[in-house]
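Reading the structure
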Amino acid sequence: MNILVVYDSYFGNTERIALAIKDSISEKNHVIIKKISNFADKDLAGIELIVIGSPTRAFRPTEVIRKFLKKIDIKKYKWIAFDTGVNPDLINSKILKLMVKNFGYAAPYMAKIIKKSGGKMLLEPETFFVIGNEGPLVKGEIDRFQKWFNSLNL
Ligand SMILES: Cc1cc2nc3c(=O)[nH]c(=O)nc-3n(C[C@H](O)[C@H](O)[C@H](O)COP(=O)(O)O)c2cc1C
């Protein structure tokens, strides 16, 4: 399968996850991994599956990721969406905890847009947790990501 992994990242946590695909995917697939700032339309040539990853910022994906989803012909591709965010169990402020729980994360936000536009989601959207506002990733999250991704048996 021809796969494009496209992601945004401020502090490197979402990027670490995106790059981990390389270590876990079988060689019969062809994978391009691009930070959204380096993405060019020609990267879509021959692509069948797009893996999209974003940090959760104010309960949704970053602006560049939202713009990317607006301009791309979503229904032409299969999709997987993941994000990074803060685990509500690790938030001390009660109000913030409630907000994070109720307003949600970037991956379900992206999945909603993708499904609404006729894109096929191959996995349920998933969040991988960071410690504090800037990370690092909670221990074990790269493994959890690889298990989640490998459940596709690509
Ligand atoms: C301005 C700002 C807003 C954020 N908003 C949220 C949020 O709404 N929910 C959440 O779980 N984490 C939030 N975070 C934490 C980010 O999700 C965290 O910085 C991100 O997972 C790190 O990924 P990156 O290293 O790839 O940038 C926020 C962080 C910043 C700096």
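In this report, we go over the structure that sits alongside the text. (Residues numbered from 1 in each chain as written. Predicted model: local features only at pLDDT ≥ 70, side-chain atom pairs only at ≥ 80, totals over all residues. Heavy atoms only, no water.)

Along helix α4 (residues 106–116), the positions that sit buried rather than exposed are A106, A107, M110, A111 and I114. In an axial view of α4, the angular spread of the buried residues amounts to 130°, which keeps them on one side of the axis. Pointing more than 90 degrees away from the buried face of α4 are the exposed residues K112 and K116. Contacts from the buried residues of α4 go to β3 (49–55), α2 (63–71), β4 (78–86), β5 (120–121) and β6 (126–130). (Buried < 20%, exposed > 50% of the residue type's maximum accessible area, 1.4 Å probe, protein only. Helix = DSSP H or I, 4+ residues; strand = E, 2+ residues; numbered from the N terminus. Arc of directions from axis to C-beta. Contact = heavy atoms within 4.5 Å.)

According to the stated counting rule, one finds 11 aromatic pairs in the structure shown. With a centroid separation of 6.3 Å and 90° between ring planes, the pair formed by Y77 and W79 is classed as edge-to-face. Of the two residues, Y77 and W79, both sit in the buried class. Ring centres of F145 and W148 lie 5.8 Å apart, and the angle between their planes is 50°; on these two criteria the pair is classed as tilted. (Phe/Tyr/Trp six-rings, centres within 6.5 Å; stacked < 30°, edge-to-face > 60°.)

Turning next to the layout of surface pockets. Roughly 490 Å³ of volume is contained in the largest pocket. Lining of the largest pocket is provided by 25 residues; of these, T56, R57, G85, V86 and N133 occupy positions nearest its centre. Residue assignment for the lining of the largest pocket shows that the elements contributing at least two residues are α1 (13–24), β4 and α3 (94–103). Among the elements that line the lining of the largest pocket, the one with the most residues is β4, at three residues. (1 Å grid on protein atoms, 1.4 Å probe; cavity = no way out; pocket = protein on both sides within 12 Å on 5 of 7 lines; lining within 4 Å. Points joined across faces, edges and corners; volume = space filled by probe spheres on them.)

Tracing the sequence through the fold places D8 in the loop between β1 (2–7) and α1. K35 is the oppositely charged side chain nearest to the buried, salt-bridge-free D8, at an N-O distance of 5.0 Å. A distance of 2.6 Å separates the side chain of D8 from the side chain of T62, its partner in a polar contact. (Lys, Arg positive; Asp, Glu negative; His and termini not counted. Salt bridge = Lys/Arg side-chain N within 4 Å of Asp/Glu carboxyl O. Polar contact = N/O pair within 3.5 Å; in protein donor to acceptor, adjacent residues only side chain to side chain.)

Time to look at the pattern of salt bridges. Tallying each qualifying case throughout the model produces six salt bridges. The residue D43 makes a salt bridge to K34 at a minimum N-O spacing of 3.0 Å. Of the residues examined, D43 reaches a relative accessible area of 7% and is grouped as buried. The partner of K75 in a salt bridge is D73, and the shortest N-O contact between them spans 2.9 Å. On the basis of relative accessible area, K75 is assigned to the exposed category, the value being 55%. By relative accessible area, which is 35% here, D73 ends up partly exposed. Put simply, E126, E141 and R144 are held in one network by salt bridges that share partners.

None of the figures reported here should be taken as evidence of function without further support.
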